[in-house]
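Listed below are the residues making up each chain.
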Amino acid sequence: MKVEQLTACIGAEISGVNLGDASRDAGLFAEMKALLLKHRVLFLRDQEITRAEHVAFAHRLGDLEDHPVLSRDPEHPGLARIYRSEEKNPYENNWHTDGLWRPNPPMGAVLRCIECPPVGGDTIWVNMVQAFTMLPDEMKKKIANLRAISSIEHSFGSVMDVEARRKLGRENPPVEHPVVRTHPETDEKILYVGSFTTHFVNFHTPENVRYGIDKNPGAGQLLQYLQSQATIPEYQVRFKWRPNSVAIWDNRATQHYAVMDYWPQPRKMERAGIVGDVPY
C-alpha cells in the first residue's frame with residue numbers, strides 16, 4: 001500500500017489497495033481506518049469493485065443508513081444513488097456535513113464514481129478541526145458553549161415545492177447540536193456548523209470584541225462568519241473524479257462541496273453512509 005499526502009492539511013491518495021480485499025482483511029482495514037483518522041479523507045483510483053463489495057467495506061466502519069431524499073439501490077440496502085443527468089439539483093453545491101439535520105449525523109461515507117463528465121464535477125473537502133484550531137482564542141471562548149439548530153429543509157427542501165418540503169420537515173424535524181463538537185475517537189475539537197445550520201439557540205452578545213467582522217456581532221453575522229471558515233483554501237483538498245474512483249471521509253471532522261459546474265453532462269455517484277453518534 002502506498003500513501004501520498006495531497007495537502008499539508010487534509011487528504012491522502014491510497015494506491016495498491018482494493019476495497020474488496022480491505023472489506024475482508026481485518027489488518028488491512030485497520031490500516032485504512034488509521035489513515036482515515038489521520039488524513040480525514042482518503043482517495044482511491046481504479047476500484048473495479050461490485051456494489052456488494054462497496055457496501056461490505058462501508059459496513060466495516062459501522063451500520064449503514066438510509067436517506068430520505070436520495071434514491072436507493074434496491075438490491076443493496078444502504079447504498080444511495082446520486083445520479084445527475086436531466087435535472088439540475090443545486091442543493092449539493094454548498095459547504096455541508098452530511099446529515100447534520102439528523103440527531104446522529106453519519107460518522108463517514110464511502111462514495112464511488114460510476115460516471116462523470118470529462119471536465120468539472122470535482123468535490124472539495126475541508127478540515128473542520130483545522131478551521132476550529134485557527135480561530136482566534138476570543139472566538140473559541142465565545143462559541144465554546146453555543147448550540148445551533150440544523151434542518152433538512154434548509155438544503156434539500158430548497159428545491160422542493162411547498163408541500164413536499166413541509167412533509168420532509170415533519171418527517172425529519174430540526175435538531176440541536178453543539179457548535180463545537182468533540183471527535184469521539186481522537187478527542188479533537190471541531191467547528192460544527194454548515195449549510196444545514198439555521199440559527200443559534202443560546203446566543204448572547206455582551207462583549208465588544210473585534211473578530212475580523214463587526215464589533216459586537218449579531219447572531220446572523222456570527223453564524224455567517226463561522227460558516228465561512230470552510231471556504232479557506234488552506235484547509236481544503238480538491239478531487240477530480242474518474243470512473244471507479246472512491247472517496248472515504250470522516251464526516252465528523254470535515255465538510256465538503258460538490259462543484260456544480262458540469263450540467264447538463266451526466267454525473268453518477270453511489271454513496272454508502274455510515275451511522276454516527278450523537279455529537280457532544
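A closer look at the overall build of the protein
Okay, step 1: Broken down by element type, the protein carries 7 helices and 16 strands.
Okay, step 2: Against the globule reference of 19 Å for 280 residues, the protein gives a C-alpha radius of gyration of 19 Å, in line with a compact fold.
Okay, step 3: Taking the principal axes of the C-alpha coordinates as reference, the protein spans close to 55 × 45 × 35 Å.
Okay, step 4: Taken over 280 residues, the protein has a buried fraction of 54%.
Okay, step 5: A total of about 12600 Å² of accessible surface is found on the protein, and carbon and sulfur atoms cover 49% of it.
Okay, step 6: In the protein, the 33 positive side-chain charges and the 36 negative ones have mean positions that sit 3 Å from each other.

Let's talk about the nonpolar core
Okay, step 1: Membership of the largest hydrophobic core comes to 52 residues, with the highest contact counts inside it found for Trp 125, Ile 143, Val 179, Phe 200, Leu 226 and Trp 241.
Okay, step 2: Leu 19, Leu 36, Val 246 and Ala 272 belong to the second largest nonpolar core, which has 25 residues in total.

Topic: the sheet that holds strand S1 (residues 2–5)
Okay, step 1: In spatial order, the strands read S1-S2-S3-S14-S6-S16-S5-S4; together these 8 strands make up an open sheet with mixed pairing. Strands at the two margins of the open sheet, each flanked by one partner only, are S1 and strand S4 (71–72).
Okay, step 2: Strand direction decides the pairing type here: strand S5 (residues 79–84) and strand S16 (residues 267–274), joined by 6 bridges, are antiparallel. Of the residues in S16, the one forming a bridge with Ile 82 is Met 269.
Okay, step 3: In this fold helix H3 (residues 51–61) packs onto S5, strand S6 (108–115), strand S14 (246–250) and S16, with an angle of close to 35° to the strand it touches most, S16.

What about the packing of aromatic side chains?
Okay, step 1: Evaluated as defined, the whole model comprises 9 aromatic pairs.
Okay, step 2: Centre to centre, the rings of Phe 43 and Trp 125 are 5.3 Å apart; their planes meet at 65°, and the pair counts as edge-to-face. With a gap of 82 residues between them, Phe 43 in strand S3 (residues 41–44) and Trp 125 in strand S7 (residues 123–127) connect regions that are remote in the sequence. In this pair, the class of Phe 43 matches that of Trp 125, namely buried.
Okay, step 3: Centre to centre, the rings of Trp 95 and Tyr 257 are 5.3 Å apart; their planes meet at 55°, and the pair counts as tilted. With a gap of 162 residues between them, Trp 95 in the loop between S5 and S6 and Tyr 257 in strand S15 (residues 254–258) connect regions that are remote in the sequence.
Okay, step 4: On the basis of relative accessibility, which here comes to 22%, the residue Tyr 257 falls in the partly exposed class.
Okay, step 5: Among the aromatic residues, those joined into a cluster by ring pairs are Phe 43, Trp 125, Phe 239, Trp 241 and Trp 249.
Okay, step 6: Here the basic side chain of Arg 60 rests over the ring of Phe 29, its NZ or CZ set 4.8 Å away from the ring centre.
Okay, step 7: The lysine or arginine in question, Lys 268, covers the ring of Tyr 83, its NZ or CZ lying 5.5 Å from the ring centre.

Here we look at the environment of Ile 10
Okay, step 1: Relative to the elements of secondary structure, Ile 10 occurs in the loop between S1 and strand S2 (12–15).
Okay, step 2: Between the alpha carbons of Ile 10 and Val 237 there is a distance of 6.2 Å; along the sequence they are 227 residues apart.
Okay, step 3: Every residue in contact with Ile 10, bar those within four places of it in the chain, is listed here: His 39, Arg 40, Val 41, Trp 125, Val 126, Asn 127, Tyr 235, Gln 236, Val 237 and Thr 254.

Observations regarding the pattern of salt bridges
Okay, step 1: Enumeration over the complete set of coordinates arrives at 20 salt bridges.
Okay, step 2: Across the salt bridge formed by Glu 53 and Arg 24, the nearest N and O atoms sit 3.5 Å from each other. Here the residue Glu 53 occupies a position in helix H3, and Arg 24 occupies one in helix H1 (residues 19–24), the gap between them amounting to 29 residues.
Okay, step 3: For Arg 24, a relative accessible area of 55% puts it in the exposed group.
Okay, step 4: The partner of Glu 185 in a salt bridge is Lys 33, with the nearest N and O atoms 3.2 Å apart. One end of the pair, Glu 185, is in the loop between strand S10 (180–182) and strand S11 (189–191); the other, Lys 33, is in helix H2 (residues 26–39), with 152 residues separating them in the sequence.
Okay, step 5: Judged by its relative accessible area of 40%, Glu 185 is partly exposed.
Okay, step 6: A network of salt bridges, in which partner residues are shared, links Lys 33, Glu 185, Asp 250 and Arg 252.

So, the environment of Phe 156
Okay, step 1: Along the chain, Phe 156 falls in the loop between strand S8 (147–150) and helix H6 (162–171).
Okay, step 2: In this structure Phe 156 comes out as buried when scored by relative accessible area, which is 9%.
Okay, step 3: When the C-alpha positions of Phe 156 and Leu 168 are compared, they lie 8.9 Å apart, and in sequence the two are 12 residues distant.

Quick notes on the rules
- Residues numbered from 1 in each chain as written.
- Predicted model: local features only at pLDDT ≥ 70, side-chain atom pairs only at ≥ 80, totals over all residues.
- Heavy atoms only, no water.
- Helix = DSSP H or I, 4+ residues; strand = E, 2+ residues; numbered from the N terminus.
- Rg over C-alpha atoms; globule rule 2.2 N^0.38 Å.
- Buried < 20%, exposed > 50% of the residue type's maximum accessible area, 1.4 Å probe, protein only.
- Areas by Shrake-Rupley, 256 points an atom, 1.4 Å probe, with all protein chains shown as cover.
- Lys, Arg positive; Asp, Glu negative; His and termini not counted.
- Charge placed at Lys NZ, Arg CZ, Asp CG, Glu CD.
- Core = buried A, V, L, I, M, F, W, Y, C linked by side-chain atoms within 4.5 Å.
- Pairing = 2+ DSSP bridges.
- Contact = heavy atoms within 4.5 Å.
- Axes fitted to C-alpha atoms, helices over the stretch in contact; angles between N-to-C directions.
- Phe/Tyr/Trp six-rings, centres within 6.5 Å; stacked < 30°, edge-to-face > 60°.
- Lys NZ or Arg CZ within 6 Å of the ring centre and 35° of its normal.
- Salt bridge = Lys/Arg side-chain N within 4 Å of Asp/Glu carboxyl O.

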